[in-house]
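Breakdown of the fold
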Amino acid sequence: MTNFLRRRIDVATCWATNRISVMDTLEKYEDSYAIAEEFREWILHIGENDENLKDSVLNFPNDIKDLMDQKINDKVN
């Protein structure tokens, strides 16, 4: 396994675990499960086709801050 793939897996693992944790905190369990399944599929197939590696990049959602702020405000009020 190349260093690039190792780093890519490390970054993706951190992304997925943090994202799952946030979804669980927001009590969005179906989303959490979906992320876990998507990550499992991604990790099983990484390296099979290096040409399409950029297609497998996991993107951080833009609306996560809004969801967290809403959840915090709901608990405060």
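Residues numbered from 1 in each chain as written. Predicted model: local features only at pLDDT ≥ 70, side-chain atom pairs only at ≥ 80, totals over all residues. Heavy atoms only, no water.

1. Some remarks on the nonpolar core
In terms of nonpolar packing, the biggest core is built from 12 residues, these being Leu5, Ile9, Ala12, Trp15, Ala16, Met23, Leu26, Ile35, Phe39, Trp42, Ile46 and Ile64. Breaking this core down by element, the ones donating at least two residues are α1 (3-25) and α2 (29-45). Ranked by residues supplied to this core, first place goes to α1 with six residues. (Core = buried A, V, L, I, M, F, W, Y, C linked by side-chain atoms within 4.5 Å. Buried < 20%, exposed > 50% of the residue type's maximum accessible area, 1.4 Å probe, protein only. Helix = DSSP H or I, 4+ residues; strand = E, 2+ residues; numbered from the N terminus.)

2. Comments concerning the confidence of the model for the protein
Confidence along the protein averages 79 in pLDDT terms, with 77% of residues attaining 70 or more. Predicted confidence in the protein is weakest over helix α3 (residues 64-76), with a mean pLDDT of 78, and strongest over α2, with 88. (pLDDT = per-residue confidence, 0-100.)

3. Some thoughts on unusual backbone geometry
Phi at Glu27 takes a positive value of approximately 60°, unusual for a residue other than glycine. Its location among the elements puts Glu27 in the loop between α1 and α2.

4. A few points about the side chain of Lys71
Tracing the backbone shows Lys71 in helix α3. Excluding residues within four positions of it along the chain, Lys71 makes contact with Thr25, Leu26 and Glu27. (Contact = heavy atoms within 4.5 Å.)

5. Regarding the pattern of salt bridges
By the definition in use, this model includes three salt bridges. The shortest N-O distance in the salt bridge between Glu27 and Lys71 comes to 3.9 Å. Of this pair, Glu27 sits in the loop between α1 and α2 while Lys71 is found in helix α3, placing the two residues 44 residues apart along the sequence. Overall, Lys71 belongs to the buried group, its relative accessible area being 18%. Between Glu41 and Arg40 there is a salt bridge, with the nearest N and O atoms lying 3.0 Å from each other. Among the residues examined, Arg40 registers a relative accessible area of 36% and is labelled partly exposed. Connected through shared salt-bridge partners, Glu37, Arg40 and Glu41 make up one network. (Salt bridge = Lys/Arg side-chain N within 4 Å of Asp/Glu carboxyl O.)

6. Some thoughts on the packing of α1 against α3
Between α1 and α3, the shortest axis-to-axis distance is 10 Å and the interhelical angle comes to 35°. The handedness of the crossing between α1 and α3 is left-handed. Between α1 and α3, the residues in contact are Arg19, Val22, Met23 and Thr25 and Ile64, Leu67, Met68 and Lys71, respectively. Taken together, the residues that form the contact of α1 with α3 break down as five nonpolar, one polar and two charged. (Axes fitted to C-alpha atoms, helices over the stretch in contact; angles between N-to-C directions. Left-handed = near helix turned anticlockwise from the far one by under 90°. Nonpolar A, V, L, I, M, F, W, Y, C, P; charged D, E, K, R; others polar.)

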